[in-house]
Amino acid sequence: MPLWSLTESDSEAWTAADVAATEEDNSSPANVPERVGSFLQASSIGLRLRSTLEDFLTFKDCQELLRATTLATVMHQGCHLFSTPAGSRDTHSLSRVVDGIDVFLSHNWSTPRHAKFLTLVYEYNFGG
């Protein structure tokens, strides 16, 4: 079974042999990203997908949703923000609308906040 299908207009960049070879290579995952990447770069679907992703990642037409805070705010009182997953107006007010985000911190709630604090202290003082 093919990983994707091509419309006539999207197949201009690929020959029938390319599509057939890709379908045969489904058992070899190493070949798929290269072929998919080539397809997305050369096809109208790829251009539309790229444009949609750029709009999504840059918050086009909804910049007020792109909010961030400073590392000092996150680190305050031993990462007190990570004490509970419940958000509030108070925690929301700690962020502000920004043009971009330099670093995105991801975490899970099962890790104690002191461990997160120590990890951030290490990373931002001694990390690479």
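Calculation notes
Residues numbered from 1 in each chain as written. Predicted model: local features only at pLDDT ≥ 70, side-chain atom pairs only at ≥ 80, totals over all residues. Heavy atoms only, no water. Helix = DSSP H or I, 4+ residues; strand = E, 2+ residues; numbered from the N terminus. Buried < 20%, exposed > 50% of the residue type's maximum accessible area, 1.4 Å probe, protein only. Contact = heavy atoms within 4.5 Å. Lys, Arg positive; Asp, Glu negative; His and termini not counted. Salt bridge = Lys/Arg side-chain N within 4 Å of Asp/Glu carboxyl O. Polar contact = N/O pair within 3.5 Å; in protein donor to acceptor, adjacent residues only side chain to side chain. Patch = residues over 30% accessible without salt bridge, like charges linked within 9 Å, V, L, I, M, F, W, Y side chains within 5 Å. Areas by Shrake-Rupley, 256 points an atom, 1.4 Å probe, with all protein chains shown as cover. Core = buried A, V, L, I, M, F, W, Y, C linked by side-chain atoms within 4.5 Å. Arc of directions from axis to C-beta.

Caption draft 1: Quick look at the overall build of the chain. Across its full length, the chain carries six helices and two strands. Reading the chain from its N end, one meets helices and strands in the order α-α-α-β-α-α-β-α. Split into buried and exposed, the 128 residues of the chain put 13% on the buried side. Here the analysis covers contacts within the chain between residues at least 6 apart in sequence; of these, 63% occur between residues at least 24 apart.

Caption draft 2: Region of interest: the side chain of Lys116. Take Lys116: it is sitting in helix α6 (residues 113–126). Despite its burial, Lys116 pairs with no opposite charge, the nearest such side chain being Glu123 at 16 Å. A polar atom in the side chain of Lys116 sits 2.9 Å from the side chain of His107. Contacts of Lys116, omitting those with residues within four sequence positions, involve Cys79, Phe82, His107, Asn108, Trp109 and Thr111.

Caption draft 3: Main features of the environment of Thr91. Within the element layout of this structure, Thr91 appears in helix α5 (residues 89–93). Classification of Thr91 by relative accessible area gives partly exposed; the value is 33%. With 10 residues separating them in the primary sequence, Thr91 and Leu81 have C-alpha atoms 7.5 Å apart. From its side chain, Thr91 meets the backbone nitrogen of Ser88 in a polar contact 2.9 Å long.

Caption draft 4: Region of the structure containing a nonpolar patch on the surface. A cluster of nonpolar side chains, contributed by Leu49, Leu53, Phe56 and Leu57, occupies part of the molecular surface with about 440 Å² of accessible area. Position of Leu49 among the secondary structure elements: in helix α3 (residues 44–57).

Caption draft 5: Structural view of the nonpolar core. By size, the foremost hydrophobic cluster in this structure holds five residues: Val74, Met75, Cys79, Phe82 and Leu120. It is helix α4 (residues 71–79) that contributes the most residues to this core, three residues altogether. Once residues within four sequence positions are removed from consideration, Phe82 is found in contact with Val74, His107, Trp109, Arg113 and Lys116.

Caption draft 6: Representation of unusual backbone geometry within the structure. Positioned with a positive phi, Gln77 is a non-glycine residue whose angle comes to about 55 degrees. Secondary-structure assignment places Gln77 in helix α4. Positioned with a positive phi, Cys79 is a non-glycine residue whose angle comes to about 65 degrees. Considering the arrangement of structural elements, one finds Cys79 in helix α4. Take Cys79: its relative accessible area is 0%, and that puts it in the buried class.

Caption draft 7: Broad picture of α4. The complete set of buried residues in α4 reads Val74, Met75 and Cys79. Viewed end-on, α4 has its buried residues packed into an arc of 85 degrees, placing them on one side of the element. Facing away from the buried side of α4, by more than 90 degrees, are the exposed residues Ala72, His76 and Gln77. Those residues of α4 that are buried lie in contact with α6.

Caption draft 8: Fine view of the environment of Thr69. Turning to its location among the elements, Thr69 is positioned in the loop between β1 (67–68) and α4. Classification of Thr69 by relative accessible area gives partly exposed; the value is 34%. Apart from residues no more than four positions distant in its own chain, Thr69 is found in contact with Val74, Leu94 and Ser95. Within the structure, the side chain of Thr69 is placed 3.4 Å from the side chain of Thr73, a separation counted as a polar contact. Of note is the side chain of Thr69, whose polar atom sits 2.9 Å from the backbone oxygen of Leu94.

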